[in-house]
Structures are given as structure tokens and as C-alpha cells.
Amino acid sequence: MTRSLRYTLVSLRELLVSAGPLVLVLIGLLVATYLWLEPNPPQKVVLATGPDNGAYDRFGQAYAQALARHGITVQLHASEGAADNLRLLREAAVDMAFVQGGSGQIGADEQDSLLSLGSLFVEPLWLFYREAKGKPATLPDLKGWRISVGTPGSGVPALFTRLLAANGLTPQDVRLRELEQTPGTMAFLDSEVDALVFASAPEAMMVQMLLQTPGVALMPFPQAQAYASRLGFLTPVTLPQGVVDLALNRPARDVPLVASTTSLLVRADTHPALRQLMAQAAVELHSPPGWFHRARDYPSVEHGEVPLAPEAERAIRGGPPLLQRYLPFWLANLIERMWLSLGLILALALPLSRVVPPLYAFRIRRRVFVWYAELRDIEERAERTPADIARLVDELDALEQRAEKITLPLAYTDELYTLRQHIHVVRKKLLRHASESPQSLPTEPLNEPR
């Protein structure tokens, strides 16, 4: 090993020993902060969707693909619909769910347990009827009809009952049947029921199919604005002429409808990073234009029945955070969640780091200072026992030989030469004592000073 390398290794070893305690303290603080803040989200989240092949199911699959890019698995939980999803959230059986406005009463005690990631899209109330039965203009015209309104878990029976009540009708005035969407559609096409009611986004396969089925018509809601005024969770929308099929001009005219807004609700204890990812995915999936909205109208921070999560507001209003535009999500999220703690740890580390240079210098010089104790002992014994000068000179020579083997960084070599100079001073003093006391001289000549 060359001398230069040996000097470097000594310097590095002493530096590590000097800075080691500070580094260990900082690492301990970082680990404790990480465990306390839990900046990285769980690797799996459960999302309640709806019936198979419905709009909620299709959107759920799109969310699963979006989060898979960040290493998060979205487990889709099929349900009966919006009301059932709200129940699953209350029971903590799922982490997130699509919930339609008006599908259930959300009490004041639940305002702290649920958060919204924004209003995603509108779900019109689709009321299809067989043209052979007649052409109803308003809900009272349906008196005596057999109507399939879906299961209670879908939220549609409660919503349709409220619409009937607004028209002075009771469920007994019409014959409601609570059938699941697919069996209800089959019963409708087989003429077992006269009308079919469900709420869904226009992207749903069932909506697309029924809008183009011969002999099936969609009932308009010309009083849509009045319904929205009386029932705050409803919004008037218009199905534009020709939007279903431009070539065949379906529908042949604008159709006014009422719609409720669907939101993505999450439990308040869901990890903030998951809420952020889901909100960003919502912006990506729901911002394109649709049948009932223009581009970037959704997701929206309005029409919410529960408080909006701060992560959703930032994603909807401001887009992805600055760091996520340039760094992988896990790293950007780690910095965002821990930047304040990192700042505090850094503020603590700066004054503590000032201890390292003096401690390093002390440890280097200590490699020389330890020999001064032995040098001082030789000098004191020469004062007490002049007869032992010869033996003390031998000890001094041995001390000098050991001192020559001390390895120091080049910046501290002056300390070594100072020690050797002081050894020389003590040797001269011993020789002076020897000359003043001839009886202490050895039989052989003393070593000459170096």
C-alpha cells in the first residue's frame, strides 16, 4: 500500500468515525419520520363499481389501467349500483365507490368519514317505453303502467319514487317491479313490462342498444328545469338531435332529460397518495367531451354532497404537481409528503454538523498527543532519579522510533514533526543532566542527538 493511499484511508476512517454519530442520528430521524408519515400508499385499493357491463364497470376498468401504470392494483368490487356502493363505503368494505347523487341520504355524522374526488359525469334518468303502449308526455301519463325500476341497491327506485311524489303519484299508482338491469331489460323487450327506468352514463352498452332498438322510444322530460329546481341533486340536460346516429338522425329532435351527478367517493382514511392518483386519473378519463358536456367540464368540484378532498381540488384545478411532471410518482410523492420533515431535519443537521470538523481534527491530533504523556513521564523521572538517565535515553529512543511510524494525513504532518522536535528537546535535557551528574553516565557513550 502506497503512503499516499495510507494517508487517505486514515483520513477517511477518522472522518467516518467523527461524523458517524451524526449520520446515525439523522438516519434514525428519517426512518422515524417515514414510519410516522407513511408517504408511500398501499399497493392495492378496492373500488366499488356496479353491475357487470354497466358504465360504472367500464369506468372501473379504466381506473384500474390508469393506476396500474404506477404499480397500484385496483380491485373492482361489483355491486347492485350507487345505493349499494354507498352502503359498502359505510361498512368500510371498499375504499372508493361511484355514488350517484340522490341515491341515498348522507347524514351529517358521515361528513367526516367520506370525501369526494369530484363530480365525474352526469347520469340521465333513462325512461324507455314501448311505442305500442302509447306516447306518454309526463310522468302522470304512466299511471297504471308496469315499470321496471331496478333493484334498491341501484338507487333508482328511491329516485323514481321521489319523482312520482313530485307529481302527486304514489308507487301504488304505477306497478313498479324491482328487477336487475339485465333481467329487467329482457322483460321489457318481451313486453312483460311497459317501461324500463334506469340511471346510467350514455357510454353504457344497455343505453346504446335501447336507443337504437326499433319500437322502443325514450320519454322526454320537458319539465326538467322544474325538477332540478325542486330536487337539488338533479340537473337538466339535453340529448342532442342526431347524437346517437347522425346518418339516421337519431334522435329526430332534442330530448330534454333530468340527470343526477355521479361522484367518486372515498373513505377519509384512504391514503392521500391514492386519493391524488385517483383524482388525476379522473381528470384524464372524464375531461373529454360527451353527449351532455363540453371538454373539461368534468370532473367538477361542484354538485358534491360530501366535502371535496384537497387532493382532488388540486388535481382538478391545477393539474399534476410540479414534481410529478419530471419525476416518477413514487419519488415525487415521497418528496411532497416529507419535504417539511426533511426541512426540519436539515435545520437540525446544520448546527450539529459544525461539531464534525473539530472532532475530526481532535481525533487526528490525538494520534500524536497520546505520546506526549509518555514523553512527559520520561522528563519527570529524569528529574527524580538522575541515576537512570541511560535507561531513560533508551526509552526516549524507542519512543522516537514509534513516533516515526505514526500515519497522519498530510495536512497534519506538522503535528508529527512538532512531536519529534519535542523529543529532541527532552533528549538534550537528559544529556545535560548526565553531564552535571557523572555517576549517572553509562559505561558506554550515550546516543548522540538526532
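Being a predicted model, the structure only gives us computed values, none of them experimental. (Residues numbered from 1 in each chain as written. Predicted model: local features only at pLDDT ≥ 70, side-chain atom pairs only at ≥ 80, totals over all residues. Heavy atoms only, no water.)

Caption draft 1: View of the environment of Phe-329. You can see Phe-329 is positioned in helix H10 (residues 329–353). In this structure the C-alpha to C-alpha distance between Phe-329 and Leu-277, which are 52 residues apart in sequence, comes to 9.1 Å. (Helix = DSSP H or I, 4+ residues; strand = E, 2+ residues; numbered from the N terminus.)

Caption draft 2: Broad picture of the pairing of strand S2 (residues 73–77). Note that strand S1 (residues 44–48) and S2 share 5 bridges and pair parallel. Across the sheet, residue Leu-47 finds its bridge partner in S2, namely Leu-76. Between S1 and its parallel partner S2, the chain crosses via helix H2 (residues 55–68), and the hand of that crossover is right-handed. (Pairing = 2+ DSSP bridges. Right-handed = clockwise from strand over helix to strand, strands pointing away.)

Caption draft 3: Inspection of the nonpolar core at higher detail. Counting 83 residues, the largest nonpolar core has Tyr-63, Leu-125, Trp-126 and Phe-160 as its most contacted members. Broken down by element, the residue count for this core peaks at 10 residues, all from strand S4 (residues 114–130). In contact with Trp-126, not counting residues within four places along its chain, are Leu-196, Val-197, Phe-198, Ala-199, Ser-200, Pro-202, Val-207, Leu-211, Leu-218, Leu-239, Leu-257 and Phe-292. Residues Ile-364, Val-368, Tyr-412 and Leu-419 belong to the second largest nonpolar core, which totals 22 residues. (Core = buried A, V, L, I, M, F, W, Y, C linked by side-chain atoms within 4.5 Å. Buried < 20%, exposed > 50% of the residue type's maximum accessible area, 1.4 Å probe, protein only. Contact = heavy atoms within 4.5 Å.)

Caption draft 4: Local environment of the environment of Ser-113. By secondary structure assignment, the location of Ser-113 is in the loop between strand S3 (96–100) and S4. For Ser-113, a relative accessible area of 29% translates into the label partly exposed. Residues Ser-113 and Val-306 lie 193 residues apart in sequence; the distance between their C-alpha atoms is 9.4 Å.

Caption draft 5: Structural detail: a nonpolar patch on the surface. Together, Val-25, Leu-29, Leu-348 and Leu-352 give the surface a local cluster of nonpolar side chains, amounting to about 290 Å² of exposed area. Going through the elements one at a time, helix H1 (3–37) and H10 are the ones with two or more residues in the nonpolar patch. Relative to the helices and strands, Leu-29 is located in helix H1. (Patch = residues over 30% accessible without salt bridge, like charges linked within 9 Å, V, L, I, M, F, W, Y side chains within 5 Å. Areas by Shrake-Rupley, 256 points an atom, 1.4 Å probe, with all protein chains shown as cover. Salt bridge = Lys/Arg side-chain N within 4 Å of Asp/Glu carboxyl O.)

Caption draft 6: Expanded view of the packing of aromatic side chains. By the definition in use, this model includes 10 aromatic pairs. For the ring pair Tyr-56 and Phe-121, a centre distance of 6.4 Å and an interplane angle of 55 degrees mean the geometry is tilted. Pair noted here: Tyr-56 is in helix H2 and Phe-121 is in strand S4, with a separation of 65 residues, a long-range link. Given a relative accessible area of 7%, Tyr-56 falls into the buried group. Judged by its relative accessible area of 5%, Phe-121 falls in the buried class. Each ring, one from Phe-221 and one from Tyr-227, has its centre 5.9 Å from the other, and the planes form 70 degrees; the classification is edge-to-face. (Phe/Tyr/Trp six-rings, centres within 6.5 Å; stacked < 30°, edge-to-face > 60°.)

Caption draft 7: How the structure looks around the pattern of salt bridges. A complete count under the given rule lists 21 salt bridges for this structure. Note that Asp-297 and Arg-294 form a salt bridge whose closest N and O atoms lie 3.7 Å from each other. Judged by relative accessible area, which is 29%, Asp-297 ranks as partly exposed. Arg-294 sits in the exposed class, given a relative accessible area of 64%. For the salt bridge of Arg-317 with Glu-313, the shortest nitrogen-to-oxygen distance reads 3.3 Å. Residue Arg-317 and its partner Glu-313 are located together in helix H9 (residues 310–318), separated by 4 residues, close to a single helical turn. Exposure remark for Glu-313: the relative accessible area of 34% places this residue in the partly exposed category. In the salt-bridge network here, residues are joined through shared partners; they are Arg-130, Lys-133, Arg-146 and Asp-194.

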